[in-house]
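What follows is the residue order along each chain.
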Amino acid sequence: MAGGNERSMKALKEVWKRAENSLCADCGKPDPDWASSTLGVFICLSCSGIHRNIPSISKVKSLKMDYWDDAQVQFLAKHGNAVTKAMYEAHIPIYYYQPTYNDCQVLREQWIRAKYERKEFTEPGKQLPYSDGMKEGILWKRGRDNGQFLPRKFLLSEREGCLKYFTKQDAKEPKINVKIDVINATFQPEKIGNPNGLQITYLKDNKTRNIFVYHESGKEVVDWFNAIRSVQFHYLKVAFPIASDNEIKNRLTRNFLKEGYMEKTGPKQREAFKKRWFTLDHRRLMYFKDPLDAFAKGEVFVGSGENGYSVQKGLPSGTQGNFSWHYGITIVTPDREYLFTCETEADQLEWIRAFTSVINQAMTPQEYASKCLDALSFPS
């Protein structure tokens, strides 16, 4: 720690090692080594970069490399993560998505700006842009067939319990009208190629349909995301009146467990392995020719171990299909085995961990019903 007297350094270390300050105040990353001298919070390097972009609100310094004077150390000691979070996070709606260090930049930035810059959570009952059960606006949507992003009007309605989009501004009938309880939304900046890219997924005839959208404004796209969660939450509160708020919160939008390329073979296990993009969305394993395909080419249900599902490292001996990647995975189901290969051992182990986490969970009654509806199609 450059400069600074010994007394200040000692006092700073004492405040820094308090249990409440052991995680980043904004994303929860362990061992933060930066702090805001104006807000009094301990934050990680990544979040400090976001704070640096709002200098009128937050001035950040390194706890290891920068000089802290007595007054600044006393300010940190008086505040710290617990006191500051109690002020700025006092009234967060139960449905609002609070990002972690694993989440993308736009989610973390808008969370930080919502807290400290816009002070969205400091007052009870504050009217928020995603809380009134209705949202209407323009999102840039990727065309299903031509791949072009074009502006489309979207309408989210809690009263109707649905999300719609229209191909023309003055269109009376929507192109789609999706019930809110079958929708998922997850940020996909890398896959979509835009820092504000959002993937909206829903079930159509028990098959997964993807819509890829973005907005130029990070705030606007995050508001859309939380508006969807808000409408879902209130819809499910009515549908499941005895469920707790936390139980309902756990049924809102979710991130995919794992995505990436693997090779696969067909049901006869003699066909050549083909490279495909795979998405594991809890118990639905889907594959696509292209990561931005609107529809999955095939899906398979991944059940629990007690129902005859398992994952094994490697391929069965005597596998005949030609494959260029050599790190195999076998998914065993009551009906058949599914064979995949990964490019690297690291990929193989990550996929096995993801499958294992699903298989180790007991199935819910709703998942039993979903399994019965699934055709379990996984063509070549």
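Cut-offs applied
- Residues numbered from 1 in each chain as written.
- Predicted model: local features only at pLDDT ≥ 70, side-chain atom pairs only at ≥ 80, totals over all residues.
- Heavy atoms only, no water.
- Helix = DSSP H or I, 4+ residues; strand = E, 2+ residues; numbered from the N terminus.
- Buried < 20%, exposed > 50% of the residue type's maximum accessible area, 1.4 Å probe, protein only.
- Contact = heavy atoms within 4.5 Å.
- Areas by Shrake-Rupley, 256 points an atom, 1.4 Å probe, with all protein chains shown as cover.
- Pairing = 2+ DSSP bridges.
- 1 Å grid on protein atoms, 1.4 Å probe; cavity = no way out; pocket = protein on both sides within 12 Å on 5 of 7 lines; lining within 4 Å.
- Points joined across faces, edges and corners; volume = space filled by probe spheres on them.
- Nonpolar A, V, L, I, M, F, W, Y, C, P; charged D, E, K, R; others polar.
- Polar contact = N/O pair within 3.5 Å; in protein donor to acceptor, adjacent residues only side chain to side chain.
- Salt bridge = Lys/Arg side-chain N within 4 Å of Asp/Glu carboxyl O.
- UniProt positions renumbered as here; feature names shortened; annotations may be inferred.
- Domains from an automatic or database assignment.
- Buried area = accessible area lost by both parts, 1.4 Å probe.
- Phe/Tyr/Trp six-rings, centres within 6.5 Å; stacked < 30°, edge-to-face > 60°.
- Lys NZ or Arg CZ within 6 Å of the ring centre and 35° of its normal.
- Axes fitted to C-alpha atoms, helices over the stretch in contact; angles between N-to-C directions.
- Parallel < 35°, antiparallel > 145°, perpendicular 65-115°, else oblique.
- Left-handed = near helix turned anticlockwise from the far one by under 90°.

**Q** Just checking my understanding: could you explain the overall build of the chain for this structure?
**A** Scanning the chain for helices and strands turns up 10 helices and 17 strands. When its C-alpha atoms are laid out on the principal axes, the chain stretches across 75 × 55 × 45 Å. By the burial criterion, 49% of the 380 residues in the chain qualify as buried. Summarising the internal contacts of the chain: among those between residues at least 6 apart in sequence, 54% fall at separations of at least 24. Surface exposure of the chain reaches about 18,500 Å², of which carbon and sulfur atoms provide 50%.

**Q** How should I be thinking about the sheet that holds strand β2 (residues 42-43) in this particular structure?
**A** Either a parallel or an antiparallel arrangement is found when strands of a sheet pair, and the pairing is made through backbone hydrogen bonds. With antiparallel pairing, the three strands of this open sheet are ordered in space as β2-β1-β3. Single-partner strands in this sheet number two, and they are β2 and β3 (60-62).

**Q** Even after reading the chapter, I still don't get the environment of L257, so can you show me in this structure?
**A** In this structure, L257 sits in the loop between α8 (245-249) and β11 (258-264). The class for L257 is partly exposed, based on a relative accessible area of 41%. When the C-alpha positions of L257 and V358 are compared, they lie 9.1 Å apart, and in sequence the two are 101 residues distant. Excluding residues that lie within four positions of it along the chain, L257 makes contacts with L280, H282, S357 and V358.

**Q** I'm lost on the layout of surface pockets in this one. Help?
**A** The method is simple in principle: a probe with the dimensions of a water molecule rolls over the atoms, and the space it marks as empty is what remains. Within this model, the second largest pocket holds a volume of roughly 580 Å³. When contributions to the lining of the second largest pocket are tallied by element, the ones reaching two or more residues are β8 (183-187), α6 (189-192) and β11. For the lining of the second largest pocket, the leading source of residues is α6, giving three residues. Its residues placed into classes, the lining of the second largest pocket shows eight nonpolar, five polar and five charged.

**Q** Please explain the environment of K135 as it appears in this structure.
**A** Relative to the elements of secondary structure, K135 occurs in strand β4 (residues 134-142). Judged by relative accessible area, K135 falls into the buried class, the value being 9%. The sequence separation of K135 and V231 amounts to 96 residues, and the corresponding C-alpha distance is 9.9 Å. Residues contacting K135, with those up to four places away along its chain left out, are P129, F154, L155, L156, E220, D223, W224 and A227. Here E220 takes part through its side chain, which lies 3.2 Å from a polar atom of the side chain of K135.

**Q** Mind showing me how you'd approach the pattern of salt bridges here?
**A** Side-chain pairs of opposite charge can arise whenever the charged atoms involved come near each other. Under the definition given, this model contains 20 salt bridges. The partner of R254 in a salt bridge is D281, with the nearest N and O atoms 2.7 Å apart. Of this pair, R254 sits in the loop between α8 and β11 while D281 sits in strand β12 (residues 274-281); the two residues are 27 residues apart in sequence, bridging distant segments of the chain. Relative accessible area serves as the criterion here: at 5%, D281 is assigned to the buried category.

**Q** Got a minute to help me understand the UniProt feature "domain: PH" (unreviewed entry) in the chain in this structure?
**A** Per the UniProt record, "domain: PH" (unreviewed entry) is annotated on residues 132-233 and 255-360. Note that residues 132-233 is 20% helix and 46% strand, and that its end C-alpha atoms are spaced 12 Å apart.

**Q** For this particular structure, what's the right way to read the domain arrangement of the chain?
**A** When the parts of a complex come together, some accessible area is lost, and that lost area is often used as the size of the interface. In terms of domain boundaries, the chain breaks down into domain 1 (1-117), domain 2 (134-250) and domain 3 (258-376). With centres defined by C-alpha atoms, the gap from domain 2 to domain 3 works out at 27 Å. Each side of the interface is counted separately: domain 2 has 13 residues, and domain 3 has 16 residues. Buried surface at the junction of domain 2 and domain 3, summed over both partners, amounts to about 1,200 Å²; 48% is from carbon and sulfur atoms. Area buried by domain 2 at its contact with domain 3 is led by K191, N206 and T208, which between them contribute 44% of it. For the interface between domain 2 and domain 3, the tally reads one salt bridge. Note that E259 is salt-bridged to K191, the shortest N-O span being 2.7 Å. The tally of links between domain 2 and domain 3 comes to six residue pairs in polar contact (both at pLDDT 80 or more). Of all elements in the fold, only α6 and β10 (207-214) reach the threshold of two or more residues within the side of domain 2 that touches domain 3. Among the elements that make up the side of domain 2 that touches domain 3, the one with the highest residue count is β10 (five residues). Tallied by class, the residues present in the side of domain 2 that touches domain 3 amount to three nonpolar, five polar and five charged.

**Q** Looking at this structure, how should I read the packing of aromatic side chains?
**A** Here a ring pair, both rings aromatic, is described through the centre-centre distance and the interplanar angle of the planes. Under the counting rule described, the total for this entry stands at 19 aromatic pairs. Between the aromatic rings of F301 and Y309, the centroid separation amounts to 6.2 Å while the plane-to-plane angle is 70 degrees, which identifies the pairing as edge-to-face. Residue classification places F301 among the buried residues on the basis of a relative accessible area of 2%. Feature note: the residues Y95, Y96, W111, F121, Y130 and F233 constitute an aromatic cluster, connected by ring pairs. It is K61 that lies over the ring of W68; its NZ or CZ is 4.8 Å from the centre. Of note, K275 hangs over the ring of Y261, and the distance from its end group to the ring centre comes to 4.5 Å.

**Q** Just checking my understanding: could you explain the packing of helix α1 (residues 6-16) against helix α3 (residues 70-78) for this structure?
**A** For any two helices packed against each other, one specifies the inter-axial angle together with the distance between the axes. Where α1 contacts α3, the axes come no closer than 10 Å and their chain directions differ by 15 degrees. With respect to each other, α1 and α3 are oriented roughly parallel. Remark: the crossing between α1 and α3 carries left-handed chirality. On α3, the residues that touch R7, S8, A11, L12 and V15 of α1 are D70, V73, L76 and A77. Class assignment for the residues of the contact of α1 with α3 results in six nonpolar, one polar and two charged.

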